[in-house]
Amino acid sequence: MKQFLSVSEAKAILDRETAALPMEEIPLEEAVGRVAAVDVHAPLDMPSFDNSAMDGYALIWEPGRESYTLVGEIAAGDGRAQQLVQGQAMRIFTGAPVPLGADTVVQQEWSSKEGNQVHFEGNVNRGMHIRRRGTQCRQGESILKAGTPITPGAIALLSSVGINRIFVQRRPQVQVLVTGNEIAAPGSELPPGAVYNTNGPFLGAYLKQSGFPVQVNGPVPDEPETLKKAIQDALSDCDVLILTGGISVGEYDFVQPMLLEAGAQPFFYKLKQKPGKPIWAGRTGKTLVFALPGNPASVITCANQYVMPVLKKMAGFPDVFEPDARLPLRQDYHKKAGLTQILKVQVAEGQVEVPGGQESFNLLPFAVANALAVIPENTELALAGTTVDVFYL
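A brief look at the structure comes next. Going along each chain's sequence as written, the residues are numbered from 1 onward. Predicted model: local features are reported for residues with pLDDT of at least 70 only, side-chain atom pairs are reported and counted for 80 or more only, and whole-chain, interface and lining totals are derived from all residues. Hydrogens and water are ignored here; the side-chain numbers use all heavy atoms of the structure.

This next bit is on the packing of helix 3 (residues 199–209) against helix 6 (residues 296–314). The angle between two axes is taken between their N-to-C directions and runs from 0 to 180 degrees, where each axis is a line fitted to C-alpha atoms and a helix contributes only its stretch in contact. Put simply, DSSP marks the helices as runs of H or I at least four residues long and the strands as runs of E at least two long, and each gets a number from the N terminus on. The geometry of helix 3 relative to helix 6 is characterised by a closest axis approach of 11 Å and an angle of 30° between their N-to-C directions. The angle between helix 3 and helix 6 falls in the class roughly parallel. Of the two elements, helix 3 crosses helix 6, and the hand of that crossing is right-handed. Contacts between helix 3 and helix 6 involve N199, F202, L203, Y206 and L207 from the first element and P296, V299, I300, A303, N304, M308 and L311 from the second. Each residue belonging to the contact of helix 3 with helix 6 can be placed in one class, and the counts come to 10 nonpolar, 2 polar and no charged. Comment on the angle field: the value is read as roughly parallel under 35 degrees, roughly antiparallel over 145, roughly perpendicular from 65 to 115, and oblique elsewhere. We call a crossing left-handed when the near helix sits turned anticlockwise from the far one by less than a right angle, and right-handed when that turn is clockwise. We call two residues contacting when some pair of their heavy atoms lies within 4.5 Å. Under this grouping Gly is polar, as are all residues other than the nonpolar Ala, Val, Leu, Ile, Met, Phe, Trp, Tyr, Cys and Pro and the charged Asp, Glu, Lys and Arg.

What follows concerns helix 6. At A303, helix 6 shows its maximal bend, which comes to roughly 45°. Under this definition, polar contacts are N or O atom pairs within 3.5 Å; protein pairs additionally need one hydrogen-donor-capable and one acceptor-capable atom, and for neighbouring residues in sequence, both atoms have to be side-chain atoms. Capping of helix 6 at its N-terminal end is provided by N295; its side-chain oxygen lies 2.9 Å from the backbone amide nitrogen of A297. In this scheme, the bend at a residue equals the angle between the axes fitted to the seven residues that finish there and the seven that begin there.

A few words now on helix 4 (residues 224–235). Expected helix span is taken as 1.5 Å per residue step, with the number of steps being one fewer than the number of residues. When the terminal C-alpha atoms of helix 4 are compared, their 16 Å separation across 12 residues agrees well with the 16 Å that a helix rising 1.5 Å per residue should span. Accessibility here uses a 1.4 Å probe with only protein chains present; expressed as a share of the type maximum, an area under 20% marks a residue as buried, one over 50% as exposed, and anything in between as partly exposed. L227, A230, I231, A234 and L235 are the residues of helix 4 that are buried. Taken down its axis, helix 4 places every buried residue within 130° of arc, on the same side. In this description, the arc belongs to the directions extending from the helix axis to the C-beta atoms.

Ranked by internal contacts, the top residues of the largest apolar core, which has 46 residues, are L14, L207, I242, F268, F290 and Y306. When contributions to this core are tallied by element, the ones reaching two or more residues are helix 1 (7–17), strand 14 (174–179), helix 3, strand 18 (240–244), strand 19 (265–271), strand 22 (287–292), helix 6 and strand 27 (371–375). Per element, the largest residue contribution to this core is 11 residues, and it comes from helix 6. What Y306 contacts, discounting residues up to four positions off in sequence, is V7, A10, K11, L14, L271, Q273, I279 and F290. By nonpolar core we mean a set of buried residues, namely Ala, Val, Leu, Ile, Met, Phe, Trp, Tyr and Cys, connected to one another through side-chain atoms within 4.5 Å. With 20 residues, the next largest nonpolar core counts I231, M258, L259 and A264 among its residues.

Let's shift gears to the packing of helix 1 against helix 6. One can describe the packing of helix 1 onto helix 6 by two numbers: an axis separation of 10 Å at closest approach and a directional angle of 25°. On the basis of the axis angle, helix 1 is roughly parallel to helix 6. Seen from above, helix 1 lies across helix 6 with right-handed handedness. Seen from helix 1, the contacting residues are V7, A10, K11, L14 and D15; seen from helix 6, they are Q305, Y306, V310 and K313. Among the residues making up the contact of helix 1 with helix 6, the classes are represented as 5 nonpolar, 1 polar and 3 charged.

Before going further, it helps to examine the packing of aromatic side chains. Between 30 and 60 degrees the pair is tilted, below 30 it is stacked and above 60 it is edge-to-face, where a pair is any two Phe, Tyr or Trp rings, Trp via its six-membered ring, whose centres lie within 6.5 Å. The tally for this structure, following the rule as stated, stands at 4 aromatic pairs. Arranged with centres 5.9 Å apart and planes meeting at 65°, the rings of Y57 and F120 form a pair that is edge-to-face. With Y57 in strand 5 (residues 56–59) and F120 in strand 10 (residues 117–120), the pair connects residues that are 63 residues apart, well separated along the chain. An identical accessibility class is assigned to Y57 and F120; each is buried. An aromatic cluster is present here, built from Y57, W61, Y68 and F120 joined pairwise through their rings. We call a charge positioned over a ring when the NZ of a Lys or the CZ of an Arg lies within 6 Å of the ring centre and within 35 degrees of the ring normal. The ring centre of Y68 lies 5.5 Å from the NZ or CZ of R65, which sits over that ring. We note R91 situated over the ring of Y57; from NZ or CZ to the ring centre the distance is 5.3 Å.

Moving on, we get to the pattern of salt bridges. Basic side-chain nitrogens of Lys or Arg form a salt bridge, by our definition, when they fall within 4 Å of a carboxyl oxygen of Asp or Glu. Taken as a whole and assessed by the stated rule, the structure comprises 17 salt bridges. Notably, a salt bridge pairs D233 with K229, separated by 2.8 Å at the nearest N-O pair. Pair noted here: D233 and K229 are both in helix 4, with a separation of 4 residues, about one helical turn. Classification of D233 as partly exposed rests on a relative accessible area of 42%. A salt bridge links D389 to R326; the nearest nitrogen and oxygen atoms lie 3.2 Å apart. Of this pair, D389 sits in strand 29 (residues 387–392) while R326 sits in strand 23 (residues 325–328), and the two are 63 residues apart along the sequence. Look at the salt bridges and you will find they share partners, linking D45, R133 and R138 into a network.

Our focus in this paragraph is the sheet that holds strand 10. Strands sit in the order 8-5-7-6-10-9 across an open sheet of 6 strands; the sheet is mixed. Only two strands of the sheet have a single neighbouring strand rather than two, namely strand 8 (104–107) and strand 9 (111–114). Averaged over all neighbouring strand pairs, the angle between strand axes comes to 40°, with direction disregarded. Pairing between strands is defined by DSSP: at least two bridges between them are needed. Here strand 6 (residues 68–74) pairs with strand 7 (residues 88–92) via 4 bridges, running parallel. Across the sheet, residue I74 finds its bridge partner in strand 7, namely I92.

A word on the sheet that holds strand 19. Taken together, the 7 strands give an open sheet; going across it, the order is 1-19-21-22-18-14-17, and neighbouring strands pair in mixed fashion. Each edge of the sheet is formed by a strand with only one pairing partner; in this case those strands are strand 1 (2–5) and strand 17 (214–220). Strand after strand, the sheet turns through a mean of 20° between neighbouring axes, direction not considered. Across 5 bridges, the pairing between strand 21 (residues 280–284) and strand 22 is antiparallel.

What follows is about a nonpolar patch on the surface. Residues enter patches when they are more than 30% accessible in relative terms and free of salt bridges; like-charged ones are connected within 9 Å and nonpolar ones (Val, Leu, Ile, Met, Phe, Trp, Tyr) within 5 Å. Per-residue and other accessible areas follow the Shrake-Rupley method at a 1.4 Å probe size, with only the shown protein chains counted as cover for residues. The grouping of M23, V38 and F167 at the surface amounts to a nonpolar patch, some 240 Å² of accessible area in total. Within the secondary structure, V38 sits in the loop between strand 2 (23–27) and strand 3 (40–41).

Have a look at this one:
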């Protein structure tokens, strides 16, 4: 087991050890936020027929002709095949099929009518205001690549060609085990020496915000056999197991030995970072396991930097360990060399503001922080204007 790795080394290991889960087919309306598992091809031409882009008149344009004879109208959804000859015009509405023979639609604002005769003014050009069949896409053309996150706009595209189901990468099922004798439920009276359960509510909210199915359990007491059973039960029903607390080297820190007894193979333990140094990661069978410190600020940091990228890669997202942005610091920041510092920050107006309260126990900055910023391991002074990696929360 590797210990005291750099942040970049730990991320490289997790990237190598993580693969996308098998695909599944789901209804299109449930696909927002998922990732396309295969290329999607258009099942038909779109538009599937020539149609009008304007309310106006369809005709065969003849330069110099002063008037056209009105012979009917076509509304959107009218499926009748209608034919025009030279000198005729047909009233047409947006989205309606263009009659056979017509090569131009003139918007109604450029028209005037006397009886059954229509006159036009303005810079009329042949071919204007007709959406031609297949100008969006042709049948069989790839319209969505595998690995593309599905947005509401993609839903609109796929619906427009009649698709109502899509293959996506399966999302990982996550189990969270909060450990510790000292953990009390928010809303209850706080016993002497106890702390409220912060990590469970945070991890549940953070993962659900990104659409990952998660079950939060605990608190599990610091008792080896109880913890061992809780770990075994959780491993039977998840793709990723996250534990918080009990991962240091104290006399009541049983998480690591119980994971090893459960057959977990460790990737690394302890990283050269602050906060969150005593993080453990490994695998048992097909399940990835993270054991995070009990300190809530450390849990938030490690969940953002390591857990969330792994979950996203399992769900098919690309480039999961890349920062969301690289932005300049608003002020100087001093730190000791030797550890990567991961700061609670507020990103506003394209700059990174570092609020006070960066101590690992202090959660007050998270009331305004919307991101984490990474100051490299060997940096001691990051001057205002220095560009840093930013990861949004």
